[in-house]
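As a plain string of letters, each chain reads:
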Amino acid sequence: MDGIKGKFMDLLHKQASRNHMKIPAMGFSDHFIQTVTESQKTGFSVATTGDGADECDQVDCSQKSDQEVLESIANNYFKADSNPAMYELQNVLANGVDYALIESTMLKLRTQHKVLSKKVLSNILEQRSACNVEFAAINETQKELEESLWTCRKARSYLNYAKQNLTTTSLEILASYRKREILKELLSTLQAIKKLKSTDVEVQKLLSECNYSAAISLLLNCKDSAAEYNHLHCVESLNKKLQETLLLTEFQLDTVLNEMILNFDMRKYSKLQEAYKLLNKSLIAMDQLHINFISAIHSSVNSVLRGYNDPNADENIKLLYEQLCDQVEADKYIPCLISLCKTVWTILSSYYQIVIWHQNYKLYPLDMPDSPDNYIQEKLRKGQSRIWNDILTKICTFLQSSKLNALKYDQFIQVLSVIQRLKKVGQEFCNENSDKLIETMQLQSEEFFQRYHLCCLEEICLFLDNESWTVVDSFANILQLPEFRSIRHSLRRHKSPPGMAAKNHNSLSVNNSPTSNNCDELVSVHSQDGGSSIYGSYGYFLRFSEKSSPFDGGLDVAMLEEDILSGIVDEASCYFSEEESEDDHKSKDYDDCSGAGNNGAGGQQLTVNNTTLNVFRCIGRYLQMCKLLHCISPKIVASMLELIDFYAYAVHEIFGKDAPVQMETFYSQKLEQKLEFVRQNVIPNIKIWPLNFSSLINNELANPDTLYGLSQRIVAMESGHCMTQQFQILQSYLNHLLPMQDRPMLSTYFEYICFMHDLARPVYTCVTSRVFDLPAILTMMSKVKWDVNHVSFQHNGYIDIMNRNVQNFAMRLEEIARDITIPFEQVWNSLAHVATRLLVEGFSNVKKCSAGGRALMQLDFTNFMSIFELISNQKFSDHRQFVDMFIKAYYFSNEQFEEWIVEQKNVEPAQYSNKQLTNLIQCVCVSDKRTRQKLLNFLGTTSTQNGSNLNVSFANTSTNANGVPSTANSNSNSG
């Protein structure tokens, strides 16, 4: 290390002496460099004393910093192939010999050399420590090399000794080892031959244990071993036998794979897939599996149909599937359909589990390019749609047979229930809506429902023909009927807004309590979603296996009700608990309903008769069909409305046409349209219409002792009120069942749901128009002298007769009220209508009337209305105003009277008839012929006989001992 340092310092000294500079080996400092430089400057300055430019250059060079001096060095000095001496000579002698330039250049070069040397020395001193470390590392490496050299020399000496003394022994050992290896190879060959010979037994044992992958692995290993020893004659024959065993094993694997279609076993299927993977036939096995599924569908359904055909038929005759369907008898139709569904469920369940298996287990690595798992997944996805479409084709062909039209309602509902479940199976299996199945059932259902609807109408006719028009006891709401049992919880989820049923006419009927129609109180609070099953919210494939199916239970009613609640139209999962009895459901539902009745209506039951109950039952059955046949729900809902309208039409035909007065003005326009719709569209389809109601009309409706069948009329009308109110409970649920474009039909119907109230006017008028002897009252009023000059304080005698008739009518109502609940408001309002129209008709017949006569009219009317309102315990402001306005018209001036007449003629509907206004004009304008003629001409050219007046018939009418008319069978005008 010291030698290297010495050589390096000698090199630096040689460079310094060349430039007349000395660099000390140690202790070199700036002070020493400055001293040497100054002495050199003195020597040079002797030659250049008189040159002022040289001195300036020397001063400039001394004033520059070391960095600037280093940067001023020309780049030519740093190039390896450059000649610095020649470079400087060329620069100095370029313009001739200039001593001053030579001196300044020499001074500049000395300064640059001094600064450069100083910089080099500084860098050397900075790197001295690193140099010392490096020299230490070199010394250590040299030491390790010396040790390695010693070790190699020692090893070579040992090897030389072994070579000379151990050669013979080593050769003997190697020979023995070679002989042992040869014997081991021979033993391995013998064992392999023995294994090949016993392979067949081992394979059969593994197959019997369902260990298919191990069997295939054993065969493949033995096949490879046989190929290795194929040069031996004994192995060649064993190889052929192994090939045959492998083929037989593959055939057995295909057989087991076929068994997976009807009896899926996950453990066996897993081992099958491992075996096919070892054979590199996973894709071929998947294709074969789909072929087996298609074949199983065709063979299974044919086998089921043959089991329900005639057992005596010739089995050798091969019938087509369509022929087998036609040969199924009607009484075996539903069991055969359920068996078909169970069979296809077994196939679908197996396929579904295969799909799930391949989703959970992968046969090949995920990072494998073009993995066969991708092909298998795609094949299974497409296979789902294909298999389901094949099944739909078979089921639809079976449903299109003529036997379906011969089923009864309950049987058809069971078919719908089965099809509904099958539709949900398809939805879960391959996420298809089964449009073909829906279309087939839609066609079949439309034909069946059209026929069934006519049967229901005729059934209602039979009830009407045998109706006793009495109240059915213990009826609280429609939900207690068995036909509505399956939709109680559906109504709870799709309930109408509270109070909807009583919103438009909360005083129309005695049954209209404020809370009697609140769906919160009418439906059960029991939720089947939470109490039936922990699997209620899961699909069929998770709740059932291939050994059980959603179609188990056959023809029992529980299956029907459960399936209606589980329809995919509106309920995801809603089932009756099998552990709950029907009494439990009733108790839960009826407790809420009775609570609502006690709070709102004093615990009174609803007024219904047998006919309305039958209408309710028909509506309940229609709801079941509507829920299962969502595609024809608009037609079914429209048929429900026809049932209600038909009942109203029948009640009108029975109880609304026997009044002794004209009834045209008692009908609203909407009511007339509704009755006309039934007359034109419903009645022509009923073969047994018209019914024979002569016995009821002649015995009850014409009997004054029973107030002309008032109790029967009340039961008929109040049952209709109850029917419309109860029907409103279903409004929200019906809206849910209807498509969006058909909901306006239902909304329009509910806008005029109070049509029974309008129908009550002509029905009750048939009774109230017979309370008074109309011709006799009019005759008595015509005999009164109305042109008196003084005001009388005594009313006329006809008022006493009318008051007596009202009293007798009130007493008869009290008797009837003991048996049934009477809608007093409607009945008394009808009687008030008849009485006020009777008075106006009598007042209009007056030819001459003075101011005293007008006061007498007001006295008579005031006396009658005070007694009438006292007896009825009600107020009739509209009817009072009707008569008051007619009487006060006598007091108008000519201008006011003329305006009043014009106003009355413009009112729609008109309050007073043309005849009444004409008589009033002639009486008021008796002295003013011009005004009278003007108003008469106005009436004659712009109006007809169409007011709300009471056109009384002057037929043979007598009054019994109670003051009630005994006969009134004419509908002619009074003239």
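Predicted model only: the values in this text are computed from it and were never measured.

Asks: Sorry if this is basic, but what is going on with the overall build of the protein here?
Replies: On a plain count of helices and strands, the protein comes out with 40 helices and zero strands. In the protein, the share of contacts with a sequence separation of at least 24, taken over all contacts with a separation of at least 6, comes to 79%. Of the roughly 49,800 Å² of accessible surface on the protein, a fraction of 52% belongs to carbon and sulfur atoms.

Asks: Can you walk me through the packing of aromatic side chains in this structure?
Replies: Aromatic ring pairs are defined here through the distance separating the ring centres and the angle between the ring planes. Inspection of every chain in the model, using the stated rule, returns 30 aromatic pairs. Taken together, a centroid distance of 5.6 Å and an interplanar angle of 70° make the contact between Phe 646 and Trp 689 edge-to-face. Of this pair, Phe 646 sits in helix H26 (residues 633-655) while Trp 689 sits in the loop between helix H27 (669-681) and helix H28 (694-699), and the two are 43 residues apart along the sequence. These aromatic residues form a ring-pair network of at least three members: Phe 772, Phe 809, Trp 828, Phe 864, Phe 868 and Phe 876. The ring centre of Phe 882 lies 3.9 Å from the NZ or CZ of Arg 837, which sits over that ring.

Asks: How do you make sense of the packing of helix H18 (residues 435-465) against H26 when you look at a structure like this?
Replies: Between two packed helices, the angle of one axis relative to the other and the distance separating the axes together describe the packing. Contact geometry of H18 with H26 gives a least axis separation of 11 Å together with a crossing angle of 20°. Classified by the angle between their axes, H18 and H26 sit roughly parallel to one another. Considering the relative orientation of H18 and H26, their crossing is right-handed. For the pair formed by H18 and H26, the contact residues are Phe 449, His 453, Cys 456, Leu 457, Ile 460, Cys 461 and Leu 464 on the first element and Lys 635, Ile 636, Ser 639, Glu 642, Leu 643, Phe 646, Tyr 647 and Ala 650 on the second.

Asks: Looking at this structure, I do not really get the nonpolar core. What am I missing?
Replies: When a protein is soluble and globular, its nonpolar side chains tend to lie buried together. Core analysis: the biggest nonpolar cluster contains 215 residues, and Phe 646 and Phe 772 have the highest contact counts within it. Ranked by the residues each element gives to this core, the list is headed by helix H15 (residues 333-360), at 15 residues.

Asks: Just to check I follow, could you spell out the pattern of salt bridges for this structure?
Replies: Once the charged atoms of two side chains with opposite charge are near each other, the side chains can pair. The final tally for this structure, using the stated rule, is 17 salt bridges. In this structure, Lys 379 engages Asp 287 in a salt bridge whose closest nitrogen and oxygen atoms are separated by 3.5 Å. In this pair, Lys 379 is assigned in helix H16 (residues 372-399) and Asp 287 in helix H13 (residues 282-308), connecting sequence segments 92 residues apart. Its salt-bridge partner being Arg 621, residue Glu 483 comes within 3.7 Å of it at the nearest N-O pair. Of this pair, Glu 483 sits in the loop between H18 and helix H19 (488-493) while Arg 621 is found in helix H25 (residues 610-628), placing the two residues 138 residues apart along the sequence. Per residue, the accessibility class of Glu 483 equals that of Arg 621, and both read buried. The structure contains a network of salt bridges with shared partners spanning Glu 378, Arg 381 and Lys 382.

Asks: Any chance you could explain helix H31 (residues 743-751) here in plain terms?
Replies: Since the α-helix advances by 3.6 residues per turn, residues separated by three or four positions end up pointing in the same direction. When H31 is considered as a whole, its buried residues turn out to be Leu 746, Tyr 749 and Phe 750. Axial view of H31: buried residues confined to an arc of 95°, hence all on one face. Of the surrounding secondary structure, the elements contacted by the buried residues of H31 are H26, H27, helix H29 (710-728), helix H30 (731-737) and helix H32 (755-768).

Asks: Got a minute to help me understand a negative patch on the surface in this structure?
Replies: Residues Glu 140, Glu 144, Glu 146 and Glu 147 make up a contiguous surface patch of negative charge. For Glu 144, the location among the structural elements is in helix H7 (residues 128-165). Taking relative accessible area as the criterion, Glu 144 reaches 45% and is therefore assigned partly exposed.

Asks: I tried to follow the confidence of the model for the protein on my own but got confused; where do I start?
Replies: Atom-level detail of predicted coordinates should not be read off regions where pLDDT is low. With 73% of its residues at a pLDDT of 70 or more, the protein has an overall mean of 75. Scored below 50 in pLDDT, residues 15-59 makes 46 contacts in the model with residues more than four places away or belonging to other chains. Every residue in residues 952-975 is under pLDDT 50, and counting partners more than four places away or in other chains gives 69 contacts.

Asks: I keep staring at the environment of Ala 776 and nothing clicks. Help me out?
Replies: Relative to the elements of secondary structure, Ala 776 occurs in helix H33 (residues 774-782). Take Ala 776: its relative accessible area is 29%, and that puts it in the partly exposed class. Between the alpha carbons of Ala 776 and Tyr 798 there is a distance of 8.9 Å; along the sequence they are 22 residues apart.

Asks: Sorry if this is basic, but what is going on with the packing of helix H38 (residues 894-906) against helix H39 (residues 914-924) here?
Replies: One can describe the packing of H38 onto H39 by two numbers: an axis separation of 12 Å at closest approach and a directional angle of 175°. Relative to H39, the element H38 is oriented roughly antiparallel. Residues Phe 897, Trp 900, Ile 901, Gln 904 and Lys 905 of H38 form the contact with H39, whose own contacting residues are Asn 914, Leu 917, Leu 920, Ile 921 and Val 924. The residue makeup of the contact of H38 with H39, split by class, is seven nonpolar, two polar and one charged.

Asks: I would appreciate a short explanation of the environment of Trp 786 in the present structure.
Replies: Within the fold, Trp 786 resides in the loop between H33 and helix H34 (797-817). Taking the C-alpha atoms as reference points, Trp 786 and Ala 855, 69 residues apart in sequence, are found 9.3 Å from one another. Excluding residues within four positions of it along the chain, Trp 786 makes contact with Met 781, Asn 796, Tyr 798, Phe 843, Val 846, Lys 848, Cys 849, Ser 850, Gly 853, Leu 856, Met 857 and Asp 860. Polar contacts involving the side chain of Trp 786 include one to the main-chain carbonyl oxygen of Val 784, which spans 3.3 Å.

Asks: How do you make sense of unusual backbone geometry when you look at a structure like this?
Replies: What is expected of a backbone is that most residues other than glycine have negative phi and most peptide bonds are trans. Cis rather than trans, the peptide bond between Trp 689 and Pro 690 has omega equal to 5°. If you trace the backbone, Pro 690 turns up in the loop between H27 and H28. Backbone geometry places Asn 431, a non-glycine residue, at a positive phi of 60°. Mapped onto the elements, Asn 431 comes out in the loop between helix H17 (409-430) and H18. With a phi close to 55°, Trp 469 is a non-glycine residue in the positive phi region.

Reading the values: rules and limits
- Residues numbered from 1 in each chain as written.
- Predicted model: local features only at pLDDT ≥ 70, side-chain atom pairs only at ≥ 80, totals over all residues.
- Heavy atoms only, no water.
- Helix = DSSP H or I, 4+ residues; strand = E, 2+ residues; numbered from the N terminus.
- Contact = heavy atoms within 4.5 Å.
- Areas by Shrake-Rupley, 256 points an atom, 1.4 Å probe, with all protein chains shown as cover.
- Phe/Tyr/Trp six-rings, centres within 6.5 Å; stacked < 30°, edge-to-face > 60°.
- Lys NZ or Arg CZ within 6 Å of the ring centre and 35° of its normal.
- Axes fitted to C-alpha atoms, helices over the stretch in contact; angles between N-to-C directions.
- Parallel < 35°, antiparallel > 145°, perpendicular 65-115°, else oblique.
- Left-handed = near helix turned anticlockwise from the far one by under 90°.
- Core = buried A, V, L, I, M, F, W, Y, C linked by side-chain atoms within 4.5 Å.
- Buried < 20%, exposed > 50% of the residue type's maximum accessible area, 1.4 Å probe, protein only.
- Salt bridge = Lys/Arg side-chain N within 4 Å of Asp/Glu carboxyl O.
- Arc of directions from axis to C-beta.
- Patch = residues over 30% accessible without salt bridge, like charges linked within 9 Å, V, L, I, M, F, W, Y side chains within 5 Å.
- Lys, Arg positive; Asp, Glu negative; His and termini not counted.
- Charge placed at Lys NZ, Arg CZ, Asp CG, Glu CD.
- pLDDT = per-residue confidence, 0-100.
- Nonpolar A, V, L, I, M, F, W, Y, C, P; charged D, E, K, R; others polar.
- Polar contact = N/O pair within 3.5 Å; in protein donor to acceptor, adjacent residues only side chain to side chain.

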